[in-house]
Amino acid sequence: MPIPDQAQDAGLLAMLERAASIGVWRLDTAIGALHWSAQLAHLHGAPEGYAPAADPLLHFAAENKPKLTALLDACRREGEAFDEEAQIVRLDGRRAWVRVLGQAVRDTQGNIAAVQGAIQEIAPRGSRPDTLLRMGAALGSGEAFATVDCNGLYTYLNEEAERLLGADSRQLLGRRFWNSFQKTVRLRLEEQFRGACSGSKPLEFEELDARLARWFEVRGFPFAGGMAVHLRDVTSRRKSQEQLRLLEGSISRLNDIVIITEAGPFSEPGPRIVFVNEAFERRTGYSRDEVLGRSPRLLQGPNTQRRALDQIRVAMEEWRPARVDLINYRKNGEPYWVDLDVSPVWDKERKLTHWVAVGRDVTERKLAEEKIQHLAFYDALTKLPNRQLLMDRLHAALADPARPREGALMFIDLDNFKVLNDTLGHQKGDMLLQVVAERLRSCVAKGDTVARLGGDEFVILLENRGDKPLDPAKGARAVAERILAALGEPYVLPGYLHHSTCSIGVTLFGSGDRTVSELLKQADLAMYQAKSAGRNTVCFFDPEMQAVVTANATLAADLRQAWRENQFRVDYQPQVGPDGQMLGVEALLRWVHPHRGVVPPDQFIAAAEETSLIIPIGRWVLDQACAQLSAWERRPDRRHLSIAVNVSVRQFRDPEFVDQVMGVVEQWRVQPGKLKLELTESLLASGIEVTIAKMGSLKDMGVALSLDDFGIGYSSLSYLKRLPLDQLKIDREFVKDILTDANDAAIARTVINLAHSLDLEVIAEGVETEDQRDYLAQHGCHAYQGYLFCRPLPIEELESFIDGLTVEAEA
């Protein structure tokens, strides 16, 4: 029965493969399928039918793969054929030198459809040692090849061998091949050669040639007539290895961490480590064996900066150096900072071969920088952000007018904190502030800012962000309620249980063109509004507050200008006795504004006190009053008149007030008893002992003292009996409705009876009708002041008024 031609061809091809120790392969590029012949599987020590999944280079030695990969890629893309020598790693782990050939297969359209090739073992292990098959396989390989007889004499050299050895065959034939190497090794090489021949074992070594100029790699394969010898010039590799050993010795002694990795890949798992120095082992805790072959990513951890890693990755993809500060982790999990410099390494052909990373441990520097940063931007006592950091974050929140962030700014001020500091000391105050800081932090969400401005003032910045949606008004209200509750809880301080509250001002932002300064001012205003509302509350800013503040600021500026330009004058309102005769006058300050006309005191005295202008203005009023008393001293018909001068709390508490009164009395040489100082009940709110002492000093001088607006403020009978007073003054608020309001009438009667029981004079102001005067007189008040008798008058008109009274009396 005849054999089919196809089967006959296949059998013939298989026989030729075995005879030449060649296996063929084919890679279909479209589907990625790889086909191996049975002989190729046999060359790899694999069973028939074996083939790797899709990687033709799977079983090649690692040092050959980069070059073969490049050649295979060029064949796939450009159709470039290749012919290269390399080593394969058989399935049993042994290596074999092979010749690798590949060429492109194109379809009818000329496109590359596959890559096919052959792998030929250069020195087949299956050939008999007494044949020249090994030698024949190498004759056309292009490498240096020679044969020697059993005595080591050259019997054949090809052209490449002649070139490497620096002589032609006529000079070398018949000479011993070990004489081609340096003298110091010839005896050893002869022994190795004879041992290999007698034992039919391969011979392999690397040595310097006789001229000491080149390093040769020699591989010898015994056969019946001697040995086939392959030579390769490895001078460049040896020099590189020598340089590498020198470099390694130098690097190993550096204090900086050094890591050398392969050139690629850049994707997972990344380039593998091929070298680390001793400093790496000391500083990371990893031994060299633990990291070789692994990715440097093993040094990364939860706080390793993603941005720095991306910076390195981009630089590596662009084959350029990179330098970053990075957090890495030791083997025990401890983080450390490293100043990392990553650089590419190129060979002579400008091919990237490795990456070198040199890292310096900068943990101490970073800790110092963090400490400086913390000192610059955080409060030392509470560890909260300070004013500078708060301002930075506020500027960031308002930085983009086109896309402003929404949020709320909250001012928190502790109520009566000064009392704790003054009574228990600053140490207890500091402890309280630390507890307050902790409680404030617990009231806000992560990402919100709690800052301390100084003293007992805190600020909270709430922002509406993508990761934390917030309705500013509702959010601020909820946080404020939590703060009021938290700060209202008792504070357990060493040896003391303290109770405290706070006042909160809130302003919202998110639209408009308000600046950081304006936001801070608005929150501050709202906080003071909360203080004014009774403390322990929250108040939201509204434009009316700003209007009031603006008006007050304008008023204060006008007041300063008025003082400089002498726009003030003193008017006088008569005080009369039961018979209508004048007992004296009350000096009333008036502001004659060039545009607004006469401004009454109740519209500017508060501003004068806030700006402290009340002190020089009050001194001037005292001077005017004493000057007038001095003028009246020279007139018998007016010598009996007294002048009452209102004294504000701010003026009375001025340390020099008593000396000022004494000085002006002595300057104008007036009788002290003619000067009556009207003090307000608000003086009794605090510092009562100092108040009583000052009043005592004034009383000792002979100055008369009257308690103004008695009954509307801080009256306390226990204090009243200790005050060296001469007179109580019934406020106009009780006099106004004294005939129609039983409560006002009862208060007025009580004040009159109290004055009598304390042996004090009593006078009522705001008397506008005869019925009011008669009611007061009926219950024992016989001194009056009000429009029933005369309105406040400038001094010239007052003099005319007094003259008129004299004429009436004489008539």
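Residues numbered from 1 in each chain as written. Predicted model: local features only at pLDDT ≥ 70, side-chain atom pairs only at ≥ 80, totals over all residues. Heavy atoms only, no water.

(A) Structural detail: the overall build of the protein. Scanning the protein from N- to C-terminus turns up 28 helices and 32 strands. Dimensions of the protein along its principal axes, counting C-alpha atoms only, are 170 × 65 × 55 Å. In the protein, which comprises 811 residues, the share counted as buried stands at 45%. A sequence separation of at least 24 residues applies to 55% of the contacts in the protein between residues at least 6 apart. In the form shown here, the protein has an accessible surface area of approximately 42,100 Å², with 52% of it arising from carbon and sulfur atoms. Taking the average place of the 97 positive charges on the side chains of the protein and the average place of its 115 negative ones, the gap between the two points comes to 10 Å. (Helix = DSSP H or I, 4+ residues; strand = E, 2+ residues; numbered from the N terminus. Buried < 20%, exposed > 50% of the residue type's maximum accessible area, 1.4 Å probe, protein only. Contact = heavy atoms within 4.5 Å. Areas by Shrake-Rupley, 256 points an atom, 1.4 Å probe, with all protein chains shown as cover. Lys, Arg positive; Asp, Glu negative; His and termini not counted. Charge placed at Lys NZ, Arg CZ, Asp CG, Glu CD.)

(B) Fine view of the sheet that holds strand E13 (residues 322–329). Taken together, 5 strands build an open sheet; the order of strands is E12-E11-E15-E14-E13 and the sheet is antiparallel. Among the strands making up the open sheet, the edge pair consists of strand E12 (273–276) and E13. Averaged over all pairs of adjacent strands, the angle between strand axes in this sheet comes to 30°, irrespective of strand direction. Here strand E14 (residues 335–346) pairs with strand E15 (residues 352–361) via 9 bridges, running antiparallel. (Pairing = 2+ DSSP bridges. Axes fitted to C-alpha atoms, helices over the stretch in contact; angles between N-to-C directions.)

(C) Up close: the pairing of strand E2 (residues 33–36). In this structure, strand E1 (residues 22–28) lies alongside E2, joined through 4 bridges in antiparallel fashion. If you follow Leu27 over to E2, its bridge partner there is Leu34. Remark: 4 residues form the turn of the hairpin made by E1 and E2, two consecutive strands paired antiparallel; Gly32 in that turn has positive phi of roughly 75°.

(D) Inspection of the environment of Gln87 at higher detail. Considering the arrangement of structural elements, one finds Gln87 in strand E3 (residues 82–89). With residues near it in sequence (within four places) discarded, Gln87 still touches Phe60, Ala61, Glu63, Asn64, Arg95, Ala96 and Trp97.

(E) Layout of the side chain of Thr449. Within the secondary structure, Thr449 is located in strand E17 (residues 449–454). Residue Thr449 is classed as buried on the basis of its relative accessible area, which comes to 3%. One polar contact links Thr449 to Arg393, side chain to side chain, over a distance of 2.9 Å. The residues contacting Thr449, other than those within four sequence positions of it, are Pro385, Leu390, Arg393, Val459, Ile460 and Leu461. (Polar contact = N/O pair within 3.5 Å; in protein donor to acceptor, adjacent residues only side chain to side chain.)

(F) Expanded view of the nonpolar core. Core analysis: the largest hydrophobic core is formed by 80 residues, its most contacted members being Val661, Leu675, Leu677 and Leu728. With 9 residues, helix H20 (residues 614–633) is the single largest residue contributor to this core. When neighbours within four sequence positions are excluded, Leu675 is seen to be in contact with Leu622, Cys626, Leu629, Ile643, Val645, Val661, Val665, Val703 and Ala704. With 32 residues, the next largest nonpolar core counts Leu414, Cys443, Val450 and Leu470 among its residues. (Core = buried A, V, L, I, M, F, W, Y, C linked by side-chain atoms within 4.5 Å.)

(G) Up close: the sheet that holds strand E8 (residues 203–208). Pairing in this open sheet of 5 strands is antiparallel, and the strands run E7-E6-E10-E9-E8 from one edge to the other. A single partner strand is all that each edge strand has here, and the edge strands are strand E7 (154–157) and E8. Taken pair by pair, the neighbouring strands of this sheet meet at an average axis angle of 25°, ignoring direction. Where helix H7 (residues 186–199) meets the sheet, it contacts strand E6 (144–148), E8, strand E9 (215–223) and strand E10 (226–233), and its direction lies at approximately 165° from that of E8.

(H) Here's a closer look at H20. Relative to the 28 Å expected for 20 residues at 1.5 Å per residue, H20 spans 28 Å between its end C-alpha atoms, a close match to the ideal helical length. Those residues of H20 that fall on the buried side of the exposure criterion are Ile614, Ile615, Ile617, Gly618, Val621, Leu622, Ala625, Cys626, Gln628, Leu629, Ser630 and Trp632. (Expected span 1.5 Å × (residues − 1).)

(I) Highlighting unusual backbone geometry. Even without being glycine, Asn416 reaches a positive phi, approximately 60°. Overall, Asn416 belongs to the partly exposed group, its relative accessible area being 49%. With a phi angle near 65°, Ser612 is a residue other than glycine that sits in the positive phi range. Mapping Ser612 onto the fold places it in the loop between helix H19 (605–610) and H20. Residue classification places Ser612 among the partly exposed residues on the basis of a relative accessible area of 29%.

(J) Looking closely at the packing of aromatic side chains. One pass over the full model with this rule turns up 15 aromatic pairs. A centroid spacing of 6.4 Å and a plane angle of 90° characterise the contact between Phe177 and Phe181, whose relative ring orientation is edge-to-face. Since its relative accessible area comes to 2%, Phe177 is described here as buried. The exposure class of Phe181 is buried, given its relative accessible area of 1%. Both rings, one in Phe652 and one in Phe657, keep their centres 5.6 Å apart while their planes meet at 50°; by these two values the pair is tilted. Residue class for Phe657 comes out buried when judged on its relative accessible area of 0%. Aromatic rings pair up to connect Phe177, Trp178, Phe181, Phe193, Phe205 and Phe216 into one cluster. A cation over an aromatic ring shows up here: Arg238 above the ring of Trp215, its NZ or CZ 3.7 Å from the ring centre. (Phe/Tyr/Trp six-rings, centres within 6.5 Å; stacked < 30°, edge-to-face > 60°. Lys NZ or Arg CZ within 6 Å of the ring centre and 35° of its normal.)

(K) Examining the confidence of the model for the protein more closely. Overall, the prediction assigns the protein a mean pLDDT of 86, with 91% of residues at 70 or greater. Taken as a whole, residues 125–140 scores under 50 in pLDDT and shows 31 contacts with residues more than four places along the chain or in a different chain. (pLDDT = per-residue confidence, 0-100.)

(L) Structural detail: the pairing of E1. Here E1 runs beside strand E5 (residues 112–121); their pairing, made up of 7 bridges, is antiparallel. Bridge assignment links Val24 to a residue of E5, and that residue is Ala118.

(M) Structural context of the pattern of salt bridges. In this structure the tally under the stated criterion is 50 salt bridges. A salt bridge links Glu217 to Arg219, with the shortest nitrogen-to-oxygen separation between them at 3.8 Å. Each member of the pair, Glu217 as well as Arg219, carries the same accessibility label: buried. Each of Glu586, Glu678, Lys729, Arg732 and Glu765 takes part in a single network of salt bridges with overlapping partners. (Salt bridge = Lys/Arg side-chain N within 4 Å of Asp/Glu carboxyl O.)

(N) Focus on the environment of Lys383. Looking at where Lys383 falls in the secondary structure, it is placed in the loop between helix H12 (363–377) and helix H13 (387–397). Leaving out residues up to four positions away in the same chain, Lys383 has contacts with His374, Tyr378 and Arg441. Reaching out from Lys383, the side chain makes a polar contact with the backbone oxygen of Ala380 at a distance of 3.0 Å.

(O) Quick peek at the packing of H13 against helix H17 (residues 516–532). For the pair H13 and H17, interaxial distance at closest approach is 10 Å and the crossing angle is 115°. Here H17 runs roughly perpendicular to H13, going by the angle between their axes. For the pair H13 and H17, the crossing hand works out as right-handed. Of H17, the residues touching H13 (which contributes Met391, Leu394 and His395) are Val516, Leu519 and Leu520. Tallied by class, the residues present in the contact of H13 with H17 amount to 5 nonpolar, 1 polar and no charged. (Parallel < 35°, antiparallel > 145°, perpendicular 65-115°, else oblique. Left-handed = near helix turned anticlockwise from the far one by under 90°. Nonpolar A, V, L, I, M, F, W, Y, C, P; charged D, E, K, R; others polar.)

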